[in-house]
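Okay, here's what each chain looks like letter by letter:
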Amino acid sequence: MTTTITNARIFDGEHILDARTVTLDGARIQAIGQEPPTGATVFDAQGATLLPGLIDSHVHTSLEALQAALPFGVTTELEMQGYWTPEQRKEIAENDEIADIRSALLALMAPGGHPSEFVADLSDDDKPGGRGWTMPSVSTPEEAVAYVNARVAEGADYIKVMIEEGTVMGHPNLPMISTETLKAGVAEAHRLGKKVIAHALTLAATEQAVAVGVDGLAHLFIDQPHTQQIIAAIADVGLFVTPCLVVSSSLMGNNAAVLADDPRVSSRLSTQWLETLRGSFAKYPEGSLEHVRATVAALRDAGVDILVGTDSSMPVPSHGGVAHGASAHHEMRLLTQAGLTPVEALRAATSVPARVFGLSDRGRIAPGARADLLLVDGDPTAHIDDSLSIRGVWRRGRHLPQPGHKGRQ
């Protein structure tokens, strides 16, 4: 089936194009700037802005969460801790009613370390492996090497490591993986061609992540202001950073009630998720969001790749302030408040994660790319808040029916 979207302002993931039409041939983009082919279905964008489908570069997801993300134009979620069988992954890839997924599967974790303090609070039904499941862990370099090989054999797209002492999570003095063990795991992942992403929420943990050779950070440290030394260290080795400002804010006790009250959000989320947005983690109220924003600005000025990520997980009060799909838009807004331009924030949710994670088939509007698209009223390249004024979403060329949309508030 051929569809041509006409009369659109087109942001291709990097720049605004002069062209005004995009033609889809089934699951792929066929052409840009051409007249509709004979027999094509024509979708009139009426001056709205067409974007690549958004990529959330840090989630912990489920089938229900993937379904919640898609109406917000988040067509791909990158999971940083979770468990999926190959059969489940195949079903997700072929289901155009939910977002697509890439996954680290289960991270390298210390015995009794993070996130065991959260797993212990879950019901058996919510635990990654079900009833009776206990968190796997590594204690030695040999165990780390074996663990990485096991995850890659199970289909991990990249490897996650936990570097978390627990203070900013409300659980100080958690056990941690030794530097020697982390180095062995990172080296083995690289030998197998996999990137390594570190959970690190403190400056000390970030310094350790740099030292062991990870490729990216799944969070930004929130316990101290940045120094010139850490910014230079991150930039010099080419790390990418997913700040997850929405979670930093939540950890400091801020909720996302304004987002939940926006009719463009409330029309697309369940009551349970809206209640979650109105809550917060509130584990580190002494933190300064101003310091974290300044760190983002310094990283941006140093040329570090910045990605949109939300750390969205389950709709429970203890994980408040974030929700799949909606919080990706909130994160872009917070990134602009930290000094990124709207175009840079949009790149952080499209072309930059696609490039960083090697997702060459998405994150751009270009001939041959997946027809994962988001159409919004207004111009988010000038006003980032317009990204939530959603008129249409396509996943592999399939148009997702939308609830009544609202204009920019």
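Counting from 1, residues in each chain are numbered in the order their sequence is written. Per-residue local features of the predicted model are confined to residues with pLDDT of at least 70, and side-chain atom pairs are confined, for both listing and counting, to 80 or more; whole-chain, interface and lining totals are unaffected and use all residues. Where side-chain values are given, they derive from all heavy atoms of the structure, hydrogens and water being excluded.

When two rings of Phe, Tyr or Trp (its six-membered ring) have centres within 6.5 Å they constitute a pair, described as stacked for plane angles under 30 degrees, edge-to-face for angles over 60, and tilted for the intermediate range. Following the criterion strictly, the structure yields three aromatic pairs and no others. Taken together, Tyr158, Phe240 and Phe357 form an aromatic cluster joined through their ring pairs. Here, a charge over a ring is recorded when the distance from Lys NZ or Arg CZ to the ring centre is within 6 Å and its angle to the ring normal is within 35 degrees. We note Arg151 situated over the ring of Tyr147; from NZ or CZ to the ring centre the distance is 4.3 Å.

Of the two site types, the cavity is a set of points on a 1 Å grid over the protein atoms alone where a 1.4 Å probe fits but cannot get out, and the pocket is an open set with protein on both sides within 12 Å along at least five of seven lines, each lined by residues with an atom within 4 Å of a point. Grid points are joined across faces, edges and corners, and a volume is the space filled by probe spheres set on the points. Considering all chains together, one arrives at one cavity of 30 Å³ or more under this definition. Forming the walls of the largest cavity are Pro52, Gly53, Ile55, Thr75, Thr76, Arg362, Gly363, Arg364, Arg370 and Asp372.

With an omega of 10 degrees, the peptide bond between His114 and Pro115 qualifies as cis. With respect to the element layout, Pro115 can be found in the loop between strand S9 (100-103) and helix H3 (116-119). Despite not being glycine, Asn7 shows a phi value in the positive range, around 55 degrees. In DSSP terms, a helix is any run of H or I states spanning at least four residues, a strand is any run of E spanning at least two, and both are numbered starting from the N terminus. Looking at the element boundaries, Asn7 is found in the loop between strand S1 (2-6) and strand S2 (9-10).

Turning next to the nonpolar core. Nonpolar cores are built from buried Ala, Val, Leu, Ile, Met, Phe, Trp, Tyr and Cys residues. Side-chain atoms within 4.5 Å join them into one set. Only protein chains enter the accessibility calculation, which uses a 1.4 Å probe; a residue is then buried when its area is under 20% of its type maximum, exposed when over 50%, and partly exposed in between. Residues Leu108, Val214, Ile234, Val265 and Leu269 are the most contacted members of the largest nonpolar core, which totals 98 residues. If we skip the residues at most four places from it in the chain, Leu108 touches Val138, Ala144, Tyr147, Val148, Ile159, Lys160, Val161, Met162, Ile177 and Gly185. Grouped together as the second largest cluster of nonpolar side chains are 16 residues, Ile5, Ile10, Phe43 and Leu50 included. We call two residues contacting when some pair of their heavy atoms lies within 4.5 Å.

Once that is clear, we can look at the confidence of the model for the chain. When pLDDT is averaged along the chain, the result is 94; 94% of the residues meet or exceed 70. You can read pLDDT as the predictor saying how much it trusts each residue, on a scale of 0 to 100. The low-confidence segment residues 405-409 (pLDDT under 50) makes 18 contacts with residues lying over four places distant or belonging to another chain.

As a volume, the second largest pocket reaches approximately 180 Å³. The wall of the second largest pocket is formed by Glu14, Arg300, Val304, Asp305, Ile306, Leu340, Glu344, Arg347, Ala348, Val352 and Arg355. Every element with two or more residues in the lining of the second largest pocket is listed here: helix H14 (342-347) and helix H15 (351-356). All residues other than Ala, Val, Leu, Ile, Met, Phe, Trp, Tyr, Cys, Pro, Asp, Glu, Lys and Arg, Gly among them, are scored as polar; the first ten of these are nonpolar and the last four charged. Of the residues contributing to the lining of the second largest pocket, the split by class is five nonpolar, no polar and six charged.

Turning to the sheet that holds strand S4 (residues 28-32), a few remarks are in order. Judged by pairing direction, the sheet is mixed, and its four strands sit side by side in the order S4-S3-S1-S5 without closing on themselves. Since the sheet does not close on itself, it has two edges, and those belong to S4 and strand S5 (41-44), each with one partner. Ignoring which end each strand starts from, the neighbouring axes of this sheet average 25 degrees apart. Two strands are said to pair when DSSP picks up at least two bridges between them. With four bridges connecting them, S1 and strand S3 (residues 22-25) associate as antiparallel partners. Orientation is described by axes fitted as lines to C-alpha atoms, over the contacting stretch for helices, and by angles from 0 to 180 degrees between their N-to-C directions.

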